[in-house]
Amino acid sequence: LGPTITVGEILVEIMATTIGAGFLEPQPLTGPYPSGAPAIFIDQVAQMGGSAGIIASVGNDDFGRLNIERLERDGADISAISIIADKPTGSAFVRYRPDGARDFVFNIAHSAAGDVRMTEAAHALVARAGHLHIMGSAFAIPGVADILENAIKTVKRRGGSVSFDPNIRKELVDAGRGRKLVDDILAVTDLLLPSGEELLIAADSADEATAVAKLLDGGVSEIVLKRGRDGSSFFGRDGARVDSPAFTVEEVDPTGAGDCFGATYLTCRRAGMEPERALLLANAAGARNVTRRGPMEGVSSLADLEAFIASSTTESI
Ligand code: ADP
């Protein structure tokens, strides 16, 4: 029907190299790496051979060029990325706590990342899109809610579909505004891709089964729950359910796993695969991604995933 598109932040990520060290003292950092959840997602769709584009902005600097060159090399449509002359490319500094939690320092609001523009090329991309992926983190950018509202209408009018990754980051979401946004987006979501607690937050329910039933009753047709090291689960209409165990890998950097997972699942489903196979490949994409440092360094082609699966073991759940 047309490409998978998304809207949101393109960033470089610069990360701490030691676990537990805060940013309160000088320390060795690594980066810049191409990043931004929507950018990682679209890059992974392109790696899977899917047609993919992003509406976003970068500055006229090396950080912006790094991202554009990567997305273009990997086959994504970069025509709707604006280069903003007087703002720097957005950035995220990340550090890891001993328990595996991450803390981010984002520079989005005053950077090009926070200045998403509907150029002529962006309108043209929306007009030919077959699927819109909505990333919760993008709502922190002024104007993105309106851009998405229009894109939803256009894509749905063409018979296209919508996926939603709530991607709730405490640093990015204002709780009050977040609730109404989540409800509005859920009302048009075909595929929901929450991770962990986000399922319960999205449904405003206390347990998984109630949350799943409520969301499916509300019109979502598929829910794919990301469970980190515990793999993932598919929930569909009429009680359909598939659980898929995670692959056993050594986790080096968890950032980007959910985006690679979601992009792989969506692309496989859009290509007509059954949920079970799509889930297996998506688990492989998430697992492969966490073995590489840098959120976009572990994106995978279908051939990469098949080779990875052939040489791997899964944990039973
Ligand atoms: P998010 O990044 O959105 O929080 P997850 O952390 O659940 O999402 O990761 C998405 C998917 O990637 C998981 O469902 C799993 O398949 C895979 N994955 C993530 N972390 C690991 C890990 N440490 N080992 C194996 N697979 C993992």
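Rules used in this analysis
Residues numbered from 1 in each chain as written. Predicted model: local features only at pLDDT ≥ 70, side-chain atom pairs only at ≥ 80, totals over all residues. Heavy atoms only, no water. Helix = DSSP H or I, 4+ residues; strand = E, 2+ residues; numbered from the N terminus. Rg over C-alpha atoms; globule rule 2.2 N^0.38 Å. Buried < 20%, exposed > 50% of the residue type's maximum accessible area, 1.4 Å probe, protein only. Contact = heavy atoms within 4.5 Å. Near = heavy atom within 4 Å. Polar contact = N/O pair within 3.5 Å; in protein donor to acceptor, adjacent residues only side chain to side chain. Areas by Shrake-Rupley, 256 points an atom, 1.4 Å probe, with all protein chains shown as cover. Nonpolar A, V, L, I, M, F, W, Y, C, P; charged D, E, K, R; others polar. Expected span 1.5 Å × (residues − 1). Phe/Tyr/Trp six-rings, centres within 6.5 Å; stacked < 30°, edge-to-face > 60°. Arc of directions from axis to C-beta. Salt bridge = Lys/Arg side-chain N within 4 Å of Asp/Glu carboxyl O.

A. Structural detail: the overall build of the protein. Secondary structure summary: the protein contains ten helices and 13 strands in total. A compact globule built from 317 residues would reach a C-alpha radius of gyration of about 20 Å, and the protein, at 18 Å, matches this within 12%. Its C-alpha atoms give the protein principal-axis dimensions of about 55 × 45 × 40 Å. Taken over 317 residues, the protein has a buried fraction of 54%. The long-range fraction of contacts in the protein, counting pairs at least 24 apart against all pairs at least 6 apart in sequence, stands at 71%.

B. Expanded view of the site of the ligand. Around the ligand lies a shell of 17 residues, among which Gly228, Gly231, Glu251, Gly258 and Asn283 are the nearest. Within the contact set of the ligand, a nitrogen atom lies 2.8 Å away from a side-chain nitrogen or oxygen of Glu251. One of the backbone N or O atoms of Gly258 is found 3.0 Å from an oxygen atom in the ligand. Coverage of the ligand by the protein amounts to 87% of the 550 Å² it exposes when considered alone. Those elements that place two or more of their residues in the shell around the ligand are helix H8 (257-270) and helix H9 (275-290). Looking at the shell around the ligand element by element, the count peaks at four residues for H9. The residue makeup of the shell around the ligand, split by class, is seven nonpolar, six polar and four charged.

C. Up close: H8. For H8, built from 14 residues, the straight-helix expectation of 20 Å at 1.5 Å per residue is met to within 8% by its first-to-last C-alpha distance of 20 Å. Of all 14 residues that make up H8, eleven are buried, and the element is covered over most of its length. Among the residues of H8, Ala257, Asp259, Cys260, Phe261, Gly262, Ala263, Thr264, Tyr265, Leu266, Thr267 and Cys268 are the ones counted as buried. Of the residues trailing H8, Gly272 is marked for its positive phi of about 95 degrees.

D. Summary view of the packing of aromatic side chains. In this structure the tally under the stated criterion is three aromatic pairs. Residues Phe23 and Phe93 carry aromatic rings whose centres are separated by 6.4 Å and whose planes lie at 85 degrees to one another, so their mutual orientation is edge-to-face. Here the residue Phe23 occupies a position in the loop between strand E2 (11-16) and strand E3 (29-35), and Phe93 occupies one in strand E6 (residues 90-96), the gap between them amounting to 70 residues. Summarising the aromatic geometry, the rings of Phe247 and Phe308 are spaced 5.2 Å apart at their centres and angled 65 degrees between planes, so their arrangement reads as edge-to-face. With Phe247 in the loop between strand E13 (241-244) and H8 and Phe308 in helix H10 (residues 302-310), the pair connects residues that are 61 residues apart, well separated along the chain. Under the relative-accessibility criterion, Phe308 is labelled buried at 13%.

E. Main features of helix H2 (residues 62-73). Between the first and last C-alpha of H2 there are 16 Å, a value that for twelve residues agrees with the 16 Å anticipated at 1.5 Å per step. Those residues of H2 lying buried are Gly64, Asn67, Ile68, Arg70 and Leu71. Along the axis of H2, the buried positions cluster into a sector of 165 degrees, meaning they face one direction only. The exposed residues of H2 that point more than 90 degrees off its buried face are Asp62, Glu69 and Arg73.

F. Quick peek at the pattern of salt bridges. Tallying each qualifying case throughout the model produces 18 salt bridges. Between Asp115 and Lys87 there is a salt bridge, with its nearest N and O atoms 2.8 Å apart. Pair noted here: Asp115 is in the loop between strand E7 (102-107) and helix H3 (120-128) and Lys87 is in the loop between strand E5 (81-84) and E6, with a separation of 28 residues, a long-range link. By relative accessible area, which is 14% here, Asp115 ends up buried. With a shortest N-O distance of 3.8 Å, Lys153 and Glu149 are connected by a salt bridge. Of this pair, Lys153 and Glu149 both sit in helix H4 (residues 144-157), four residues apart, which is roughly one turn of that helix.

Bear in mind that shape data such as this cannot, by itself, settle questions of function.
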